[in-house]
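Tertiary structure, described
Listed here are the chains, written in short residue letters.
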Amino acid sequence: MQGVGILPGDQPWGAFGEAPKDRGCVEEVLCAEPGGDEEGQKERQGGEPTIIPTSHEPDDKELTEWINQWPHYPPELREACQEYAQEMVKLAYKLMELVALSLGLPGDKLYGFFKDQTSFIRLNHYPPCPVPHLALGVGRHKDAGALTILAQDDVGGLEVKRKIDGEWIRVWSNDKYESVDHRVMVNSKRERFSIPFFFNPAHYTLVKPLEELTNEQNPAKYREYSWGKFITTKKRSNFQKLNVENIQIYHFDMTIYEVQ
Ligand SMILES: O=C(O)CCC(=O)C(=O)O
Ligand SMILES: [Fe+2]
């Protein structure tokens, strides 16, 4: 599958990105238009940039700006996506409030992490495939961010193994919440569209179990990690076919490290 990412932010918007390599039989819905002079390129850029670290190297402090490159056609796309993302951000804040309350924390406990959020939207198109059992739309994976909110049509194909939440909440809640394994099967006759919204914290967020949820009897199960460095490392292993395993949250699981 291919998809194209659109990055919102609390107020701003980020960039288009490539689809990760776990994508199988999916087509690009949008793509940056090739060529064009500098003027034309600027015209298509929209909103405030999203800031992420340039490299995965822990000591490299350099930051990169991601900027949306809106295509000229369809002309309504930009406004529709921006409006959609703004509504998603509002919904995500409400859901984060419910998550905090369910953990016995004040409702606004998690808000601060999203001030300079690195959230994004992906527009996915899965063309029909005559042999669906031989093809995957998206291979088995877990979303790494705080929350994913998915809009999909009635074709179906998303298969979820367990609970619906993000890896990040898993670390925060010290395993009270768990992330979900999921994948997408393609349909033999009908195309499918989906729009996931990935709600992610600011790049400088240090993700670790919340102090309120850990104590001597229930110690922190995860080492602290930088969200920005985590996504940059993940992107690197997704895109460059490196001979390294795609970074996963369990790499920060201290119970596994102790065994090694
Ligand atoms: O298209 C879908 O239903 C889900 C896609 C997905 O899991 C993802 O983009 O992370
Ligand atoms: Fe996913």
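Residues numbered from 1 in each chain as written. Chains lettered and ligands numbered in written order. Predicted model: local features only at pLDDT ≥ 70, side-chain atom pairs only at ≥ 80, totals over all residues. Heavy atoms only, no water.

A separate point is the sheet that holds strand β6 (residues 136-141). Ordered by their spatial adjacency, three strands build an open sheet running β6-β9-β8, and the pairing between neighbours is antiparallel. Unpaired on one side and paired on the other, β6 and β8 (158-160) mark the two borders of the sheet. Ignoring which end each strand starts from, the neighbouring axes of this sheet average 20° apart. Strand direction decides the pairing type here: β6 and strand β9 (residues 182-185), joined by three bridges, are antiparallel. By the bridge assignment for β9, L136 is matched with M185. (Pairing = 2+ DSSP bridges. Helix = DSSP H or I, 4+ residues; strand = E, 2+ residues; numbered from the N terminus. Axes fitted to C-alpha atoms, helices over the stretch in contact; angles between N-to-C directions.)

A word on the site of ligand 1. Residues in contact with ligand 1 amount to 14 residues; listed here are only the nearest, R122, Y126, H141, R192 and S194. At 2.7 Å from an oxygen atom of ligand 1 is found a side-chain nitrogen or oxygen belonging to R192. Considering ligand 1 on its own, with 300 Å² of exposed area, one finds that the protein chains cover 98% of that surface. Looking at the shell around ligand 1, the elements that each hand over two or more residues are β5 (120-126), β9 and β10 (192-199). Among the elements that make up the shell around ligand 1, the one with the highest residue count is β10 (four residues). Taken together, the residues that form the shell around ligand 1 break down as six nonpolar, four polar and four charged. (Near = heavy atom within 4 Å. Polar contact = N/O pair within 3.5 Å; in protein donor to acceptor, adjacent residues only side chain to side chain. Areas by Shrake-Rupley, 256 points an atom, 1.4 Å probe, with all protein chains shown as cover. Nonpolar A, V, L, I, M, F, W, Y, C, P; charged D, E, K, R; others polar.)

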